[in-house]
Amino acid sequence: MTLVQAKKLHHFVSLEQYDNHEIMNMIKTAVDFKRQGHFPSYADKYAINCFFEQSTRTHKSFEMAERRMGMQVLDFQPSMSSVKKGESLYDTVLTLQAIGVDLVVIRHSEEAYYTKLIDSEHINCSIVNGGDGAGQHPSQSLLDLMTIYEEYGSFENLEIAIAGDLTHSRVANSNMQILKRLGATIYFTGPQEWYDPSFEEYGTYSSIDKLIDKVDVMMLLRVQHERHTDSDNRFSKNTYLQKYGITFEREARMKQSAIIMHPAPVNRGVEIEDSLVECGRSRIVTQMENGVYARIAIIDSVLKHR
Amino acid sequence: MTLVQAKKLHHFVSLEQYDNHEIMNMIKTAVDFKRQGHFPSYADKYAINCFFEQSTRTHKSFEMAERRMGMQVLDFQPSMSSVKKGESLYDTVLTLQAIGVDLVVIRHSEEAYYTKLIDSEHINCSIVNGGDGAGQHPSQSLLDLMTIYEEYGSFENLEIAIAGDLTHSRVANSNMQILKRLGATIYFTGPQEWYDPSFEEYGTYSSIDKLIDKVDVMMLLRVQHERHTDSDNRFSKNTYLQKYGITFEREARMKQSAIIMHPAPVNRGVEIEDSLVECGRSRIVTQMENGVYARIAIIDSVLKHR
Amino acid sequence: MTLVQAKKLHHFVSLEQYDNHEIMNMIKTAVDFKRQGHFPSYADKYAINCFFEQSTRTHKSFEMAERRMGMQVLDFQPSMSSVKKGESLYDTVLTLQAIGVDLVVIRHSEEAYYTKLIDSEHINCSIVNGGDGAGQHPSQSLLDLMTIYEEYGSFENLEIAIAGDLTHSRVANSNMQILKRLGATIYFTGPQEWYDPSFEEYGTYSSIDKLIDKVDVMMLLRVQHERHTDSDNRFSKNTYLQKYGITFEREARMKQSAIIMHPAPVNRGVEIEDSLVECGRSRIVTQMENGVYARIAIIDSVLKHR
């Protein structure tokens, strides 16, 4: 292992830095933590969660992971911090490190905001990416992978559809790359204008009605109203559901063993019929549960590599 | 005990779900906790306090109660949560439960917001109501009852005046009902237009000067400027005090053993003369102290019933 | 020790309440804590940090100090508190004390906000000043003193320049007074209109180029854009740096052993050339590290005097 690689593994900013073997190890570790119900202890370590964008699941799930490992957790309110006086993210992290923080989880609107941090010779606390703009959301990807693995025990020969707001999704991009290299066959569906030709490398586009009865996993993406301009918003809730979403009729056509996933928050009645969110084949709540274990595995991994 | 009753007791949303015996038990438990200074330990339990409305006393008092019992406490900032992306309260609670939260304390502007939560078959974490709009504020009621009980050892034959902003008070309504069924005699005072005929069932209206020298407890209510429309605000601070509030002269006329209560924040110089807030017969600070013990009793009760 | 003095020492609102011997003791205690890496334990004490103004360093550094001593730490969001309903700071602190808080750290925009608190016979929790408007910032002063002491082992005969925004600085005023009575010689530099004749008692004004090669410590102050009116803002970033700041050329002229300090956040490229923030003679990061130990010493001192 080169020095550069060693350095990078004490951060977690993108799943793409890991090879298949390392990803499978993290998934299996997360599943083991879930089964065993006990976790590595880091009672002398200090974590801080810096969320510059709104979040419930990711923010509180990281906090829960940190607390399950016995860490001390500080919270950070951007609106009450010196960021409001113009302090940069770099200087904020330098400060947090100086006062003794070991782990900084960051969600920020700037794509690849972490590059300046992990490239600096002055930053040696661990940076974990909780989402960077339209870029990566690697802890979400890992919990998605964990949820599929828990169901099928492998990714080989699985048929997986990724449905919906592909261009605005932080997770779609990294999921399609990693699922493919782990052996799955990928399909895309949803409004065709949200399908980019660059996705062809990973899978082909079809209408949902052609895919619904053959896939093992239907991965829905959230319609991110907050990232669309007005002119994009030409779908009424019900139109979207009927054309691209999981209706009762489509759910009934799915293979008996097939599962439905969604990173949430769900727009109930848009990507999926309201009451199907909690249906038997939905793994949406399971994904939220798994998020804690996936993040325990992530934090354990970065702290071990310091 | 029916299954429905059993289910409800792992939540705490209204005092009215409890019979007199159960209420007396909670009061006595709270008083015991205060006397003994040690509390049940729930070190493996996770609490989160979701305050969608401003609060110092109730919010921090719940947090203190949770910490005194050794619980892990997560905090929730509505403005930085997915609520801002349109996520419902139901989906927020479903998320918090999925990541492993055992107890969710909620203050929300929507009256009876909790109905959808406690009626759902998918929600099994404990919901504790920290105030619902113009509806209930049951933990405040319990601490009020505790403060009276601590003083008099019983509610039988006590003469209690409830004074002021009756129509906008979350606590007045539940206090009048419960104090009456516990044996107290209730009077109402304050601006007569804030007295509703429906209160007649619980007690009669008099001017403060007719009540001041005969009551055992004077329960002042906060003039909730933030819930009044402009046209309501025809009282100057001093007019209100002179007509309806506790002036030096009125305080001097009270029975020697009588006490003054107020849920706070007090509008000093409106409901009561500024310096009387900390006078000998004021239990306003005691109420704040008792709030922690009342909330320990509440949380202990709901967690025992899970 | 008189009763009044005893009472005051359970608060920490200004360094000026301490004599030279007491200040030296606090500095040495802080240095000892840093060297030993273990701290007094206050596991049964509750702290709350009430920051009404934006802060990263001071806020999180106090929180870290409290956690290093095993305290329970509550957080306070002014925007979600009853302060928004008009509750005064006094009543807020009275509430926090009533629910069992032992230590209240406050930053507030009102100069000497703490007077009413520490003069009240009803407030007996410890008040620690995290900055009061344009007034004091005594924990910053103590960490500055600690950083100089750590470097030189004494203040006698040190030549110290304080540079920049003297009129808007909370720390400049208390630093100049205390450094002088501890034996240092003080100089002032920066825009001459920010030098007030009242400073003459403590030291003389010179241009930075006359001071740069003779001082042992160059204490830069932050240009507080947020406290300036528009008409003040006649300096472009680069003009300020060239006229009053630490350029590469000036840094090279400093004595070999001389150090550069800044309370941060630094306006990189204004008070100092960007990359010099992390240069060999910069103690800017060290100051942030020392802040935790200085605050442990402060909290230990006030809690011991309760």
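Computed from a predicted structure; not experimentally measured. (Residues numbered from 1 in each chain as written. Chains lettered and ligands numbered in written order. Predicted model: local features only at pLDDT ≥ 70, side-chain atom pairs only at ≥ 80, totals over all residues. Heavy atoms only, no water.)

**Student:** How would you sum up the pairing of strand S2 (residues 72–76) of chain A? Please name residues and give values.
**Tutor:** Residues and elements named next belong to chain A. Two elements, strand S1 (residues 46–51) and S2, share five bridges in a ladder whose sense is parallel. Among the inter-strand pairings, Tyr46 is bridged to a residue of S2, identified as Gln72. Following the chain from S1 across helix H3 (residues 57–68) to the adjacent parallel S2, one finds a crossover that is right-handed. (Pairing = 2+ DSSP bridges. Helix = DSSP H or I, 4+ residues; strand = E, 2+ residues; numbered from the N terminus. Right-handed = clockwise from strand over helix to strand, strands pointing away.)

**Student:** Tell me about the domain arrangement of chain A, and please be specific about residues and values.
**Tutor:** Residue and element names in this part refer to chain A. Each assigned domain of chain A is listed here: domain 1 (3–136 + 291–304) and domain 2 (138–288). One C-alpha centre belongs to domain 1, the other to domain 2, and the line joining them spans 26 Å. Each side of the interface is counted separately: domain 1 has 35 residues, and domain 2 has 24 residues. Across the domain 1 to domain 2 interface the summed buried area is about 2500 Å²; carbon plus sulfur atoms make up 62%. If you sort the residues of domain 1 by the area they bury against domain 2, Leu15, Ile27 and Arg57 come out on top, with a joint share of 24%. Scanning the region where domain 1 abuts domain 2 turns up two salt bridges. Close ionic contact of Glu53 with Arg170 constitutes a salt bridge, the shortest N to O distance being 3.3 Å. One can count eight residue pairs in polar contact (both at pLDDT 80 or more) joining domain 1 with domain 2. A breakdown of the residues in the side of domain 1 that touches domain 2 according to their chemical character gives 16 nonpolar, 10 polar and nine charged. (Domains from an automatic or database assignment. Contact = heavy atoms within 4.5 Å. Buried area = accessible area lost by both parts, 1.4 Å probe. Salt bridge = Lys/Arg side-chain N within 4 Å of Asp/Glu carboxyl O. Polar contact = N/O pair within 3.5 Å; in protein donor to acceptor, adjacent residues only side chain to side chain. Nonpolar A, V, L, I, M, F, W, Y, C, P; charged D, E, K, R; others polar.)

**Student:** Could you give an account of the nonpolar core, naming the residues involved and the relevant values?
**Tutor:** By size, the foremost hydrophobic cluster in this structure holds 81 residues, and its most contacted members are A:Ile27 and B:Ile127. Tallying contributions element by element places helix H11 (residues 284–304) of chain A first for this core, with eight residues. Setting aside its immediate chain neighbours within four residues, A:Ile27 contacts A:Leu142, A:Leu145, A:Met146, A:Tyr149 and A:Phe155. (Core = buried A, V, L, I, M, F, W, Y, C linked by side-chain atoms within 4.5 Å. Buried < 20%, exposed > 50% of the residue type's maximum accessible area, 1.4 Å probe, protein only.)

**Student:** I'd like a rundown of the relation of the copies chain B and chain A, residues and numbers included.
**Tutor:** Its rotation angle being 120°, the transformation that places chain B on chain A also includes 0.0 Å of axial translation and leaves an RMSD of 0.0 Å. What the superposition gives is, in effect, a three-fold axis relating one chain to the other. When the interface residues of chain B are mapped onto chain A, a mere 4% of them again fall at the interface, so the copies present different faces. (Least-squares fit on C-alpha atoms with pLDDT ≥ 70 in both.)

**Student:** Give me helix H2 (residues 20–36) of chain B: which residues, what numbers.
**Tutor:** All names here are of chain B. Between the first and last C-alpha of H2 there are 24 Å, a value that for 17 residues agrees with the 24 Å anticipated at 1.5 Å per step. For H2, every residue scored as buried is listed here: Ile23, Met24, Met26, Ile27, Ala30, Val31 and Phe33. Those residues of H2 that are buried are in contact with helix H6 (138–152), helix H7 (170–181) and helix H11 (284–304). The opening residue of H2 is Asp19, an N-cap whose side-chain oxygen sits 3.1 Å from the backbone nitrogen of His21. (Expected span 1.5 Å × (residues − 1).)

**Student:** A description of the interface of chain B and chain A should follow, citing residues and the corresponding values.
**Tutor:** Contact residues are listed per partner, giving 27 residues for chain B and 25 residues for chain A. Carbon and sulfur atoms make up 55% of the surface buried where chain B meets chain A, a total of about 2300 Å² over both sides. The three residues of chain B that bury the most area against chain A are B:Met80, B:Lys85 and B:Ile99, which together make up 31% of that side's buried surface. Where chain B meets chain A, there are two salt bridges. Between B:Glu87 and A:Arg57 there is a salt bridge; the shortest N-O distance is 2.9 Å.

**Student:** Give a description of the side chain of C:Asp132 that names residues and reports values.
**Tutor:** Residues and elements named next belong to chain C. The topology assignment puts Asp132 in strand S4 (residues 126–132). For the buried Asp132, no salt bridge is present, and the opposite-charge side chain at shortest range is Arg170, 6.3 Å distant. Polar side-chain contacts of Asp132 include one of 2.7 Å to the backbone nitrogen of Ala112. The contact partners of Asp132, leaving out residues within four places of it in the chain, are His108, Glu110, Glu111, Ala112, Tyr113, Tyr114 and Arg170. (Lys, Arg positive; Asp, Glu negative; His and termini not counted.)

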